[in-house]
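Geometric and topological summary
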Amino acid sequence: MATILAVDDSASMRQMVSFTLKGAGYTVVEAVDGLDALNKAKAQTFDCIVTDVNMPNKDGIALIKDLRALPNYKFTPMLMLTTESGMDKKQQGKEAGATGWIVKPFNPDQLLKTIQKVMG
Amino acid sequence: MAIDMAQFHQVFFEESFEGLDAMESGLLNLDLGDVNVEDINTIFRAAHSIKGGSGTFGFTAVSDFTHVMETLLDEMRDGRRQITQPAVDVLLGSVDCLREMLQAIQNGGEIDNQSVAEHKQALDNALNQTGISAGFVPESENPPAALAVTTQSATEPQIDGWNIAFSPHLHLLKTGNEPARMFRELATLGELTTIVDLQGVPDLYDLDPEECHLSWKLNLQGNISAAEIDEVFDWVEDDCDLAKLPIYSSVTAIAPPEWQDKADEENGQNAISPLVKAVVAVQNETNDKDGKKEETKTAAGKGSSSIRVDTGKIDTLINMVGELVITQSMLSLIGEHFELNKLDQLKNGLSQLERHTRELQESVMNIRMLPISFVFSRFPRLAHDISSKLGKKIELKLIGEHTEVDKTVVELLSDPLVHLVRNSLDHGIEMPEVRLAAGKPETGTVILEAYHRGGNIVIEVSDDGKGLDKDKLRAKAIEKGLIAEDTILTDKQTYELIFMPGFSTAEKLTDISGRGVGMDVVRRNIQALGGNIEIISELGKGSTMAIHLPLTLAILDGQSIAVGDETYILPLGSIIESLNIKEDRINRVVGKGETFLLRGEYLPIIRLHEIFKVPNVRAIKLTDGLLVVVEGQGVRCGLFVDDLLGQQQVVIKSLEANYRRVEGVSAATILGDGSVALILDIPGLVRLANQ
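The structure presented is a predicted model; accordingly, all values stated were derived computationally and were not measured.

Here we come to the overall build of chain A. A count of helices and strands for chain A gives five helices and five strands. Listed by position from the N terminus, the elements making up chain A come as β-α-β-α-β-α-β-α-β-α. Considering only residue pairs separated by 6 or more positions, chain A has 60% of its internal contacts joining residues 24 or more positions apart. For chain A, the exposed area adds up to about 4,200 Å²; of that, 51% sits on carbon and sulfur atoms.

Shown next, in the form of structure tokens:
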């Protein structure tokens, strides 16, 4: 089954995302910030990226931008987990190449539904 | 899929408290004159994470509160708001409030709503102050999708379906969005017919396969709201041209003729439709499977205490276990076909086993070790608050924050240290003008230092303040009736007066320290941890309080002693010496028991076999056995035992947890032969002997 990279500097959110996705049968790799994620994404190709926006050592938007520039991630679904429902972060994310977003707070069902939506 | 969110709560609390600590130290270290954006960012991120987590885990009171903090911080971060000391103070107060809220939730208690409301008000005031409009805009509804034409009135007939024109922009695929995925989603809402428009597809030479040149006419059947369709296209509304027209009951649900014609010409309908239908069928199947999937639950124990361990330590541990397993398999190989000529191998193996066990023990103990910064980190805040309250200028220096101590020690050390540091800040350091007059620098220094010495950790709180005044201490003690007027005291004994219950030297009680309770409690707490506290002071130059503590509470260096058939353990640190006693040194005082003379000092003799009613003792006469001179909490006595056995490290097992509290005994341990030995508590024994 598909492999997903879950990026969040908050351990509890990361665990929640990871646990939910693993429960649905996905293989999940966790990364603690944008830099960690970028390194992991270069070492292995993921089918989907789920990333927090506000993180130290490269935020989610910069991560998406960097990943999109890599040949392996041209068309990969990349979702932002964001509390900013204001349009500026979403807009920045879109410009960086994000596929879509999940607005925090969200529950595991919403997360899973969205992931299944992009993964098919 | 129902997931028990409670399993993530513990981690959430831990990281939130860490985040709060980071916010606190970040706020304290802000240089208001020259603010580093990354500093503010760090503070903002911590608030942001707590808000996100608390919202997700259902702690709405916390997320609401953090939202206001976050707004304030966001404005500071963007430079829309100046960072002022009052604003920083409000934020610091909010950090405290938030910490209390989280603690209340963690412990299942009630949130102090009044305090929350007050802090929230303070934040709101700070937000409204400078006239800059608050950045907090209530979450607006998503604007309707581009070109959406939906005008619904109350009398509107029921919608039977939609005609949708969808023309993605060229770059759509590069956002990771896939038209087929959106069609699949639409197909979950109702019956979908798609007609592809190939007109935009360029010649092969000009074709960029990474761009999307197709557009679609979609017909969706069913009573579907505009919002449901908007949701499907939510992520791509800026990456496409989208138009949708509702089909009402009276209209036949067929795509408008002008769309149909073109599609038929291109014969695209047949090409795409079956594909979408097939995909939809597959997806429905997957959904069913997921629905049936059994949920796995790992309920996290409520209120369980956990510890964060450096992964390096775990790796070492795994390494050790690996070594141990190798040794074990080597030994069992020797044991399988043992012959006498393998004796040397066996001995080697056993000594290896011993070494590995010891190393394993050390690395397991190491896991419980936390850097003392866990305690130290709260003091910059304390110093900041107290110095601004008292109008003093104080610099707090932390040294050796990475020194590691047992987790329990770290937890129990916190309160005594707060007391000592407060004393230094409040009573030790003088007001700036007094310091200048005394020829000292205006700013006082308080140093908090931790380091290892032998098997102990030493923590020192020192200041360059006014020092302890021996005459004042003495006068006070006499006035309070704690000592007689003619008592002769050494310097050390004079300083120790401050540890006596009911002693307070501050001329004026402040709300910071000096309530007259405290120093005696401080010493008791430290002694309860198996440590002691010592004072070094010089009038006018400053004082140092040094706390000596054992590194761990789980293992003790013990001396085994024999009394009859019983074995007891004495903490090695409490033993001064052991001696054979001569009859002429013994004094028997009626009603006060036996004493003996040791270098001019009469010490009480405690016969262990009498206290614990041990039968079959070897030595009844004092001259037949041994006297072990011990000291505990300043009391010395001689314990009368049959014999000394050996010294060893013993693992402390709580007696209270496994049986009940017993006077004179602090804990128990299990010896090499499997028998249980009691670990003696010297002060308790003295109390017991006096009864």
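Chain B puts 43 residues into the contact, and the matching count from chain A is 44 residues. Carbon and sulfur atoms supply 55% of the area buried between chain B and chain A, which totals about 3,600 Å² over both sides. The partner of Glu-210 of chain B in a salt bridge is Lys-74 of chain A, with the nearest N and O atoms 2.6 Å apart. On the surface where chain B and chain A come into contact, there are 14 residue pairs in polar contact (both at pLDDT 80 or more). For the side of chain B that touches chain A, the element with the highest residue contribution is helix α2 (residues 37-56) of chain B, accounting for nine residues. Of the residues assigned to the side of chain B that touches chain A, the class counts are 11 nonpolar, 15 polar and 17 charged.

Moving on to the sheet that holds strand β4 (residues 78-82) of chain A. All names here are of chain A. Read across the sheet, five strands follow the order β2-β1-β3-β4-β5 without closing on themselves; strand pairing throughout is parallel. Each edge of the open sheet is held by one strand with a lone partner, namely β2 (27-31) and β5 (100-103). Strand-to-strand twist of the sheet, defined as the mean angle between neighbouring strand axes without regard to direction, takes the value 20°. Note: β4 against β5, four bridges, orientation parallel. Its bridge partner being in β5, Leu-79 is matched across the sheet by Gly-100. Contacts from helix α2 (residues 34-43) reach β1 (3-7) and β2, with the element oriented near 135° to β2. The sheet strands contacting helix α5 (residues 108-119) are β1, β3 (48-52), β4 and β5, and the helix crosses β3 at an angle near 145°.

A few words now on helix α6 (residues 179-187) of chain B. Of all the nine residues making up α6 of chain B, eight are buried; the element is thus mostly covered by neighbouring parts of the structure. Regarding α6 of chain B, the residues found buried are Pro-179, Arg-181, Met-182, Phe-183, Arg-184, Glu-185, Leu-186 and Ala-187 of chain B.

Our next topic: helix α5 (residues 113-129) of chain B. Residue and element names in this part refer to chain B. Relative to the 24 Å expected for 17 residues at 1.5 Å per residue, α5 spans 24 Å between its end C-alpha atoms, a close match to the ideal helical length. Among all positions of α5, only Ser-115, Val-116, Leu-123, Ala-126 and Leu-127 are buried. The arc enclosing the buried residues of α5, seen along the axis, measures out at 115°, which places them on a common side. Exposed side of α5, more than 90 degrees from the buried face: Asn-113, Gln-114, Asn-128 and Gln-129 are the residues found there.

Right, let's get into the sheet that holds strand β17 (residues 601-607) of chain B. All names here are of chain B. Read from one edge of the open sheet, six strands run β14-β18-β19-β17-β16-β15, paired in mixed fashion. Edge positions in the sheet fall to β14 (575-579) and β15 (586-589), since each of these pairs with one other strand and no more. Between one strand axis and the next, the sheet turns by 35° as a mean value, whatever way the strands run. Where β17 and strand β19 (residues 635-641) come together, three bridges link them in parallel fashion. Its bridge partner lying in β19, Ile-605 is registered against Gly-638.

Here we come to the packing of aromatic side chains. All names here are of chain B. Here the structure, examined in full by the defined rule, presents 12 aromatic pairs over all chains. An angle of 25° between the planes, with centres 6.1 Å apart, marks the rings of Phe-166 and Trp-216 as stacked. On the criterion of sequence distance, the pair formed by Phe-166 in strand β1 (residues 159-168) and Trp-216 in strand β3 (residues 215-221) is long-range, its members being 50 residues apart. The pair formed by Phe-166 and Trp-216 is uniform in burial state, with each residue classed as buried.

So, about the confidence of the model for chain B. Residues and elements named next belong to chain B. Mean pLDDT for chain B: 79, with 84% of residues reaching 70 or above. Low confidence marks residues 131-154, where pLDDT is under 50. Its contacts with residues over four positions away, or in another chain, come to 31 contacts. Note on residues 511-516: pLDDT under 50 across the span, and 18 contacts to partners over four residues away in sequence or across chains. Model confidence for the complex: the whole-complex pTM is 0.52, and ipTM, which rates the interface, is 0.84.

Conventions used here
Position numbers for residues count from 1 along each chain, tracking the sequence in the order it is written. Chain A is the first chain written and ligand 1 is the first ligand written, with later ones labelled in order. Where totals are concerned, whole chains, interfaces and linings use all residues; where local detail is concerned, this predicted model gives features only for residues with pLDDT of at least 70, and gives and counts side-chain atom pairs only at 80 or more. With hydrogens and water excluded, all non-hydrogen atoms of the structure serve as input to the side-chain values. Runs of E in the DSSP output that reach at least two residues are strands. Runs of H or I that reach at least four are helices, and both are numbered from the N terminus. Every residue pair with non-hydrogen atoms within 4.5 Å of one another is taken to be in contact. Where accessible areas are quoted, they stem from the Shrake-Rupley method and a 1.4 Å probe; at the residue level, only the protein chains shown are allowed to cover. In short, buried area is how much 1.4 Å probe accessible area vanishes from two parts on joining, totalled over both. Salt-bridge detection follows one rule: a side-chain nitrogen of Lys or Arg within 4 Å of a carboxyl oxygen of Asp or Glu. In protein, a polar contact means a hydrogen-donor-capable atom and an acceptor-capable atom, both N or O and within 3.5 Å, with residues adjacent in sequence counting only if both atoms are side-chain atoms; elsewhere, any N or O pair within 3.5 Å suffices. Each residue gets one of three labels, nonpolar for Ala, Val, Leu, Ile, Met, Phe, Trp, Tyr, Cys and Pro, charged for Asp, Glu, Lys and Arg, and polar for the others, Gly among them. Pairing between strands is defined by DSSP: at least two bridges between the two strands are required. Every axis corresponds to a line fitted to the C-alpha atoms, with the helix fit spanning only the stretch in contact, and the corresponding angles, defined between N-to-C directions, vary from 0 to 180 degrees. For the exposure calls, accessible area comes from a 1.4 Å probe over protein chains only, and a residue counts as buried if that area is under 20% of its type's maximum, exposed if over 50%, partly exposed in between. The span expected for a helix works out to 1.5 Å for each residue beyond the first. Taken from the helix axis, the directions to the C-beta atoms give the arc we talk about. Pairing of aromatic rings covers Phe, Tyr and Trp, the last through its six-membered ring, and needs centres within 6.5 Å; plane angles under 30 degrees mean stacked, over 60 mean edge-to-face, and all others mean tilted. Values of pLDDT, which run from 0 to 100, indicate the predictor's confidence residue by residue.

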